[in-house]
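What follows is each chain in one-letter form.
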Amino acid sequence: MEMTGMGTKQHDMQKQRLEQQIRFIIEVDKVKNIFRQTYLADGQRKENDAEHSWHLALSAVLLKEHMKEDVDLTKVMIMVLIHDLVEIDAGDTYAYDAAGAATKREREVKAADRIFGLLPEDQGTYFRKLWDEFEAYESADAKFAHLLDNFQPLLLNDASDGRSWTEHGVHKSQVCKRNEKIPETSEIVWEKMLEIMDKHIEEGHLKAD
């Protein structure tokens, strides 16, 4: 059956959207090749960004009950699934790399423009808005997403005997500075984070000052 008039136009527009979405889906497959400094729980290798993002999305479902403020779980899950896509272009910047941090924002904004720009305009704008909200770290949803982003590597450091902390000579003060907003997001998670840090100070994996 042939499509004519408006039906054909709608079909062509839908087909174009699908092609853009497929292009984006294939492009972000590259995130599987971006490796972080955090080791897997078994310490055998470092995790990649795709594994990290999946872990955060699952953790969001489990840890929502511990947040001080109510959050939009679906929004947070999307936020953590897309927050590191910019590293396809910008690369992973280690949390305690001062030199890398100096150019991180510029590199990641440029990457966000390109990568989210692959999508149909409405979806690209939505993803970019969520990424900007995550980066701003002001809303309850963004605070929860950041808590997940910071808590997960700490848990993996704990499980892998502080391997990444030891390799980079990380200090407790650096970890605390990076997580300074966690107490206002969830006191019980912050309490657990301090417990883990103190344990690894005792074991010599994390520097005390």
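Before any of the text, the structure's been laid out above.
Source: prediction; values computed, not measured.

### Some points on the side chain of Asn 48
Alright, step 1. With respect to the helices and strands, Asn 48 occurs in strand β2 (residues 46-48).
Alright, step 2. In this structure the side chain of Asn 48 is engaged in a polar contact, spanning 3.0 Å, whose partner is the backbone nitrogen of Ala 50.
Alright, step 3. Within the structure, the side chain of Asn 48 is placed 2.8 Å from the backbone nitrogen of Glu 51, a separation counted as a polar contact.

### Concerning helix α7 (residues 140-159)
Residue pairs spaced three or four apart in an α-helix point in one direction, given the helix's 3.6 residues per turn.
Alright, step 1. With 20 residues, α7 should cover 28 Å at 1.5 Å per step; its first-to-last C-alpha distance of 28 Å lies within 8% of that length.
Alright, step 2. α7 sits mainly inside the fold: 18 of its 20 residues count as buried.

### A few points about a nonpolar patch on the surface
Alright, step 1. On the surface, Leu 18, Ile 22, Ile 25 and Ile 26 cluster together into a nonpolar patch covering about 380 Å² of accessible area.
Alright, step 2. By secondary structure assignment, the location of Leu 18 is in helix α1 (residues 6-27).
Alright, step 3. Using a relative accessible area of 43% as the deciding quantity, one classes Leu 18 as partly exposed.

### With respect to helix α2 (residues 49-63)
Alright, step 1. An ideal rise of 1.5 Å per residue puts 21 Å on 15 residues; α2 measures up with 20 Å between its terminal C-alpha atoms.
Alright, step 2. For α2, every residue scored as buried is listed here: Asp 49, His 52, Ser 53, Leu 56, Ala 57, Ser 59, Ala 60 and Leu 63. The buried residues of α2 occupy an angular sector of 165° when projected down its axis, which confines them to one face. Opposite its buried face, α2 presents the exposed residues Trp 54 and Leu 62, each directed more than 90 degrees away.

### Examining the side chain of Asn 157
Alright, step 1. Mapped onto the secondary structure, Asn 157 falls in helix α7.
Alright, step 2. For Asn 157, a relative accessible area of 5% gives the class buried.
Alright, step 3. At a separation of 3.4 Å, a polar atom in the side chain of Asn 157 contacts the main-chain amide nitrogen of Ser 164.
Alright, step 4. Contacts of Asn 157, omitting those with residues within four sequence positions, involve Gly 162, Arg 163, Ser 164, Trp 165 and His 200.

### Brief notes about unusual backbone geometry
Alright, step 1. Phi at Tyr 137 takes a positive value of approximately 55°, unusual for a residue other than glycine.
Alright, step 2. Looking at the element boundaries, Tyr 137 is found in the loop between α6 (121-136) and α7.
Alright, step 3. Given a relative accessible area of 12%, Tyr 137 falls into the buried group.
Alright, step 4. Even without being a glycine, Asp 161 presents a positive backbone phi close to 60°.

Here is what the cut-offs are and how they apply
Residues numbered from 1 in each chain as written. Predicted model: local features only at pLDDT ≥ 70, side-chain atom pairs only at ≥ 80, totals over all residues. Heavy atoms only, no water. Helix = DSSP H or I, 4+ residues; strand = E, 2+ residues; numbered from the N terminus. Polar contact = N/O pair within 3.5 Å; in protein donor to acceptor, adjacent residues only side chain to side chain. Expected span 1.5 Å × (residues − 1). Buried < 20%, exposed > 50% of the residue type's maximum accessible area, 1.4 Å probe, protein only. Patch = residues over 30% accessible without salt bridge, like charges linked within 9 Å, V, L, I, M, F, W, Y side chains within 5 Å. Areas by Shrake-Rupley, 256 points an atom, 1.4 Å probe, with all protein chains shown as cover. Salt bridge = Lys/Arg side-chain N within 4 Å of Asp/Glu carboxyl O. Arc of directions from axis to C-beta. Contact = heavy atoms within 4.5 Å.

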